[in-house]
Structure formats: structure tokens, C-alpha cells
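# Breakdown of the fold
The chain contents come next:
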Amino acid sequence: MAQIRLNVNGDDRIFDAPAHIPLLWALRDFLGLTGTKYGCGIGICGACTVHVDGRAARSCQVAADQVTGRVTTIEGLSADGDHPVQQAWLAENVAQCGYCQPGQIMTAAALLAGTPRPNEAEVEAAMSGVLCRCGTYQRIRRAIGLAAGSS
Amino acid sequence: MTTGMTRREFISVSSMVGGGLLVTVYLAGCSASETVMTTMMAGTRTTTTLPPPTTIGPPETTPTTQAETTTTTYPGDPNATIRPSIYVLIDGTGGVTVTAFRAEMGQGIRTAIAMIIAEELDAEWNRVRVEQAPADPAFGDQVTGGSLSVSDHYQLLRRVGAAARQVLVAAAAGAWEVDPAECRTEPGVVVHPGGDLRLTYGELVTAGIDAEAPRVDRVEPWKDPAQFRIIGTPTPLCDAPEHGRGATVYTNDITLPGMRYAVIARCPTFGGRFLEYDRAAALAVQGVTDVVEVGPGVAVVADHTWAALQGRDALAVEWDLGVLADTTDEGIRQELADRTRATGSGLIGATYSIPYFAHAALEPVCAVADVQPGGCEVWTATQDPQGARDVARRAAGLPGESVVVHTPLVGGKFGRGHYHEAVEEAVRLSQITGAPIKVFWTREDDLRHDRYHPMSLYQATAPASGSARPTIQVNSAGSPIPTGAWRSVQNFPTAFARESLIDEVAAANGIDPVDLRLQLMDADARRVIERAAAESGWGSSLPGGRARGIAYHATFGVTHVAEVVEVSLEDGRIRVHRVVCAVDCGTVVNPDTVRAQMEGGIVFGLTAALKDGISIEHGAVVQSNFDDYRLLPFDEMPEVEVHFVGTSKPPTGVGEMGVPPVAPAVANAVFALTGMRLRSLPLRV
């Protein structure tokens, strides 16, 4: 076991967990932040996407004890679920089952934070690694356009 | 009314206390279900307050009711509620809580149930909340499948709303000493026949309604569909706000005090079981608490998921691969091919090949169980809560009434939720370890131990002259590996075979594929085919390198869907640019949901058409994760348009209906583009 120190959603968290535990499982099982989802465990579905210092990161592929930056999860993206991306998601009725949507929203929010007016290729490059079995991609595209226009 | 009593006979105003009002309503029939009311108290429940619809017709002209009612005070119980039936509760603030009794997987059933009840209850939509029912036979069949949840319950839910409204109207009429038949309602308010007195639903409940509600089956819907203000209005899913905040609690997000986490080493082959494993190595992983044999597998139980996963790796299980160790999908396909019949003279025939497909919901299989002496609670993403309860009951050796199955929201499932292996595993492990247990399936577990859409050969034949639709012969019996319901079930391969062969017949006879379908099909089919063709610009020129294809299918024979696709080839791969969908699903309860289900069904069908099947080698599934069982990604999403071909018949279902036409439409478009006829899925040029 190792003592792991993380700054998550603005709070300093110190807890004992196995060395090298993936950030995903540290967040979910040790810190109770279950908004970040397991989907594949090998970094290709994007359901576990969080921000580390504002950049999208696959939390299943990052060891918690190696993270030095500030971690933001879907629970910390905004105080009241009113981040422009979250608002755009509601306006476009994006979610179906909802399971992949935290990863979709975190990926889109990181994209827009770095590229406020992304072109189509930039949107596709950012979003094509986040899988949705329900098939909400068309609405995700519209929602990103809406959020980009509003921010 | 069929009770033999007039409404007036049910009603008396029993007392007036301190200037207040106590209304007593006596209505014939059954009261609220104790079963439901008690089970609803236990365990997790998902409760959602509905956001306002995106549009709700003309602005409500109803003034707030406060002005009309301030002359009377209502000192009744502010915490009072009434439950006119097991499906609906109304509280003293006028809030309405609807109980959803079918599984929400993103298809919008929770929202649809609320919309239909609220319409006939004449509720204020933004005061409606949705609760999720546990497994409970009081709700009858709770299996979510066949796209039936709206179509099977449309009239029932209208009656539920109408019956609840009847209680409130009767209460108000009793207070006013008028005939309830002369009262009317506006959203959330009963209005006196004279129009000058109003009582809100909340005021009526607060005042106290000592009532037995009318039997739901004896109340007729009262609203003319032309007056619907909720049904037919695009309405956001009630769960959307929680989804957007990451606040939705799926099965894998549930934590119980003292709960442990289990993963199971599963034999890669179907029918194999463990021989040897290194128990000590697994127990040596910090956090691992138990190693338990569960059926043919070995479970590692730990304090957290990561320890369980590491412990499983350490087991180094040696497997008896069992009797299917030599099974391959090619061998299965050959067995099926050997049954193929010759095509008779005067006929055109072809055989279409479908591989195994996995469900691959983003939420993997998962269950939580807490077995206590004499009782058991289970949480699982299920499409069949009562089936899950039966599995838990048998696994625990407990009577059914002592097993409570809670139904968290389902992260997709597409048919996988009919099967409950994880429930059995969690119950057994909880029983053995004495702790609440969460059984977690990894993506690899989920893909390699699915109940697959069956590999099949569909043989289609049709008169060579093009004078009749193709008939289908299915060769799919006796799969050695587990198969199960997969979104749209046999409709998917049937549509692929029939709608491909129609195009083959059209080509052989030099007839336009749309024209041939219009010649062969009935009026219901023609309406959607004509609409999809018109909206897609069928027959008009396309940019170079693109071509169109069409297909039509009536899934389960009830919902008519035609889809026109535009394809091109990019680096030898099929690229779908646009899908124009026309759907006739009868009455459209939630237009936004119908669109979403068509969009999602098209993506589901395109994934099957263009990505990967499940293949079998050495008795085991070859694919293991999303790198080799690929889902259609964002950058391959075509532009999808959905057009309603409106009919006023009752709703017919939409959850699966978008899926079947798209694969044959793509194959037909590839033929139009290249002259190549692709008869095997996934489609490869």
C-alpha cells in the first residue's frame, strides 16, 4: 500500500491504496467518485475520461500515484451541472442510457477549453476515441457546436 | 362508469373543520397495492423530477390558482399523499410521482410512462417525478423487450391517469356539492362548473381525501387525442440532468456498508472449467480476502476492484477446456451451409450470412447482492427484474417474497439484460462470504461470455420475374455457444436477406429498387418507402463516387421503417454519409425519443454491418475488447434524418425498429456503386 495524495475537484485527498492503482479505481472505490466510468480498461473507449490539469486523460491508464496535476472529474466540472457543455448536452437531449456521457462531456469540455472554436476535424479527432453504443454521436456533434457558440 | 353507481353517490363532504375542508370520497374498487408501497420503501430508488418539455404547444393561459383559493384555508395534513393506483402518487404540494415498472436503458420508457399518465391525469408536467419499481408481480410482466413497453401499456397508462384524475375531480365536486361530470380540469387544477372556483390537486390532497380509487380497468381515457398537450410533444428524458452531472447510479456505482468486490476467472471456452489454480498467490495480493470456486470459475473477493483484478491475474488458472475446445465459427457456418437447399426453377435465390454478434453495452454485466439470514437484496441492471429475482431466489435457497431486486438504471443492454449470471454469482458469493458482494465483469468477461446474436444463414428465394416478395428459410438451429436476444433479434437477419434479395431481383429485371418495392408491398410499407425515397432525393444525381441504397422492414410486423443510405468507398472501406429514415410507429408519444431511437438503432445496425462479428476459435471467443470488437466511432457517424409518417393508430414501439433496414440498405448501395453484391456481414468490399 502507498499513501496517495491527489487534488481532486479542488480538494486535497490523502488515502492509502495500492501503489500504481489506476486513477479510475482510486476515484471510484477509494474516493467514492463513481461518475467516472469503467468501459474497457485499456484506454480505448473513453468512458473513464477525466481532466488532469485541464487536459483529457484516460483514468484507467494513469497510475494514481503518478498524478501530480489537479484532477477534475464529472462531479467537479461545474458546481451545479451548468458548465456550457453540460447545458448544451441538455439542450440537444444527447444522452440515452447515459453511461458513456461523463466521458463524452469531459472530453468535449477539455477540447473546448483548449480550442474554443474547433473545426470539424478537431472535433472528430477529440471525440472519436469516446465510444457510445446507444449512438448519440449526431447529438454530441450538435451539442459541441452549441457549447462552442455559447462560450 | 361500469360500477353501477353514479359518481354523486360516491361522494360526501364529511366535515368542515376550522374553516377548512375535509373531503371524503368513496369510490368503488381496489385500493393501493400494499406490496408496492412497502417494497418501495426499501433500497435504492431512482427519483427524477422532470425538466420542462422543450415545447408544450401554445402557452398555458391558466392563471395560477392561488388568487382563486386564498379565501379558504386548508389546514389539513401538508404531508398527505394519495395513491390512486400502484402507478401514481399525488402529494400535498400537487407533486405527482409516477412509478416506472419497465427497465430504462436509454430508450426513454420512464419519460414515456410519465407522459402518458400525466396527460390523462391533467398534471402539471414540471411537477411530475418518476420512481423506478423493484421486481414486483403487482406490475404484471416486467420484461422490457420486444419494443413493447409503450405499445402494451398505452391504454393502461391512460386509464391510470384518468382514474387518478377522477379521484381528484370527485373530491372537488364533493366539496362544492356539484356533479363531478360538470367539473373540468386544467393542468393541476379542478375547475368548478361555474368557472370561478378552483382547487389545485395539492389542495385537495392536503385537505384529505379519504377515498378508494376506481379500478383502473373500469375507467376510460377521457381526453381526445387532438387535445393532447404532453403526448406528441418533444420531451427531454427525465434522467438527462443526472446523466449530465455523472450522478446517475448504475449497478456498478452502488456501494453497501462492508461490501466486497469480486471478479471471476472464467474459462475461455464454453463448457470448460478450472482444474488447478494458485490460491495462495491470489490471497497474497494485498486487499484480497477470499478465493471461492463458483461453478466452473474461480472468484477472487477483495476490498476493492483493483485488488480483485490483480488477484485474478495471480490465480494462473489451468483450465479443462471441455468438449467444445475444437469448435470454430467456420465449422458452425459449414454445418449451416450443408443444410442449404437448392433454389427451384423460376426462382432467384441467395444465401446471406450473419456472424455472431455481441451486445457490447458500455456498462458491462454487474450485480450486487446482500444475503442476510432469511432475506436477500439484489441490485442489477436487468430487463427482467422478476426473472432476476427467480435467479436470486434459487441461488440463495430463499422463498421469493424474501428476495428484493432493485433496478438501477441500465447502461444500455440491448437484450443482454434478460440473463442474470452475475446475480447468481453475487448471491452465492454473498452467501459464502457473509458480506455484501459486487460482482464486476470486465470488458473481456462481457464480450467473451455473452449470449450472442446467433450465427445464421438466411436463404432467400423469390420469383425471378419479381412478382412477389422473397421468402426466407433460416438455417440457424443448434448453436453450440450461448445465444440470446439481441436488439431486433431475428428481424435483423431477416431484413438483410429479404431486402437484399429484392434488390437482386430488381437488378435482374432492370427495375428501380424503390419501384419494385412499391409494386410488391402493402400500403403501410409504401407510405414509409415513398417518404424515405422523397426525402432522400432518390433518383437525383449524387456527387461522384456515391450511391444510394434502400431497405424497408416492419420489425415484429408492427412498426414500418424505410431507410435510404448514401455510401462511398474510402480506401477500400465502406463509408456511410447519410441515412434518411421514415418511420410509422402509430401515435408518437415522445417525438424526440422516437428520433433518438431511430438514430441509435441506425448506429447499432451500422456497427453490425461495418465493424466486427464475434468469431470462435478453439471453443473460445477471439475478440476481447473494443480494439477487436469495434463500435462505430464518432467520426464515422453519418448524417441521420428521421421523418414521421403519421398515423393515428396506437403506438407500436420504436426501440429496435431502426436497426434492421440499415444493413441491407448499405449492401444495396454498395451494389449500386460497384456492382458487387455483398451477402455476408460484416460487409467487406
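Because the structure is a prediction, the values reported are computed rather than measured.

A tally of helices and strands in chain A yields five helices and five strands. Traced from its N-terminal end to its C-terminal end, chain A shows the element sequence β-β-α-β-β-β-α-α-α-α. In terms of overall dimensions, chain A is globule-like: its C-alpha atoms have a radius of gyration of 15 Å, near the 15 Å expected for 151 residues. Principal-axis analysis of the C-alpha atoms gives chain A an extent of 45 × 25 × 25 Å. A burial count over chain A gives 60% of its 151 residues as buried. Considering only contacts within chain A whose residues lie at least 6 apart along the sequence, 60% involve residues at least 24 apart.

All right, on to the overall build of chain B then. When you go through chain B residue by residue, the secondary structure sums to 17 helices and 28 strands. The long-range fraction of contacts in chain B, counting pairs at least 24 apart against all pairs at least 6 apart in sequence, stands at 78%.

Let us now look at the domain arrangement of chain A. Residue and element names in this part refer to chain A. Split into domains, chain A comes out as domain 1 (2–76) and domain 2 (84–150). A straight line from the C-alpha centre of domain 1 to that of domain 2 covers 21 Å. Of the residues lining the interface, 16 residues belong to domain 1; the matching set on domain 2 comes to twelve residues. It is strand β3 (residues 49–52) that contributes the most residues to the side of domain 1 that touches domain 2, three residues altogether. Residue composition of the side of domain 1 that touches domain 2, grouped by class: seven nonpolar, seven polar and two charged.

A few words now on the pairing of strand β6 (residues 96–100) of chain B. All names here are of chain B. Counting buried residues in β6 gives five out of five residues, a clear majority hidden from the surface. The alternating pattern of β6 places Val96, Val98 and Ala100 on one face and Thr97 and Thr99 on the opposite face, and all of these are buried. Across three bridges, strand β5 (residues 88–91) lies against β6 in antiparallel orientation. In the sheet register, Ile90 faces β6, and the bridge partner there is Val96. Here β5 folds back onto β6, and the loop between the two strands holds four residues, one of which, Gly94, carries a positive phi near 90 degrees. Here β6 runs beside strand β7 (residues 128–132); their pairing, made up of five bridges, is parallel. The residue of β7 that forms the bridge with Val98 is Val130. Crossover handedness for the path β6 to helix α3 (residues 109–121) to β7: right-handed.

Residues and elements named next belong to chain A. Relative to strand β2 (residues 11–17), strand β1 (residues 2–8) runs antiparallel, the two being bridged by seven bridges. By the bridge assignment, Gln3 is partnered in β2 with Asp16. Adjacent in sequence and paired antiparallel, β1 and β2 are bridged by two residues, among which Asn9 carries a positive phi angle near 55 degrees. Direction of pairing for β1 relative to strand β5 (residues 70–72): parallel, over a ladder of two bridges. The residue bridging Val8 from the neighbouring strand is Val71, located in β5.

Taken together, the contact between chain A and chain B spans 45 residues of the former and 47 residues of the latter. Looking at the side of chain A that touches chain B, the elements with two or more residues in it are α1 (23–30), α2 (84–91), α3 (101–114), α4 (120–127) and α5 (137–150) of chain A. Split by residue class, the side of chain A that touches chain B holds 27 nonpolar, 14 polar and four charged.

Helix-helix packing is characterised by the crossing angle of the two axes and by the distance between the axes. Residues and elements named next belong to chain A. Packing of α3 against α5 brings their axes to within 11 Å, and their N-to-C directions diverge by 40 degrees. As α3 packs across α5, the resulting crossing turns out to be right-handed. Packed against α3, whose contacting residues are Gln104, Ala108 and Leu112, the element α5 presents Ile140, Ile144, Ala147 and Ala148 at the interface. When the residues that make up the contact of α3 with α5 are grouped by side-chain class, the tally is six nonpolar, one polar and no charged.

A separate point is the nonpolar core. Residues and elements named next belong to chain B. Core analysis: the biggest nonpolar cluster contains 258 residues, and Ala262, Val378, Ala392 and Val666 have the highest contact counts within it. In terms of residue count, the dominant contributor to this core is helix α4 (residues 154–176) (14 residues). With residues near it in sequence (within four places) discarded, Val666 still touches Gly549, Val565, Val567, Ile574, Val576, Ala609 and Leu683.

Cut-offs applied
- Residues numbered from 1 in each chain as written.
- Chains lettered and ligands numbered in written order.
- Predicted model: local features only at pLDDT ≥ 70, side-chain atom pairs only at ≥ 80, totals over all residues.
- Helix = DSSP H or I, 4+ residues; strand = E, 2+ residues; numbered from the N terminus.
- Rg over C-alpha atoms; globule rule 2.2 N^0.38 Å.
- Buried ≥ 20, exposed ≤ 12 C-beta atoms within 10 Å, placed from the backbone.
- Contact = placed C-beta atoms within 7 Å.
- Domains from an automatic or database assignment.
- Nonpolar A, V, L, I, M, F, W, Y, C, P; charged D, E, K, R; others polar.
- Pairing = 2+ DSSP bridges.
- Right-handed = clockwise from strand over helix to strand, strands pointing away.
- Axes fitted to C-alpha atoms, helices over the stretch in contact; angles between N-to-C directions.
- Left-handed = near helix turned anticlockwise from the far one by under 90°.
- Core = buried A, V, L, I, M, F, W, Y, C linked by C-beta atoms within 7 Å.

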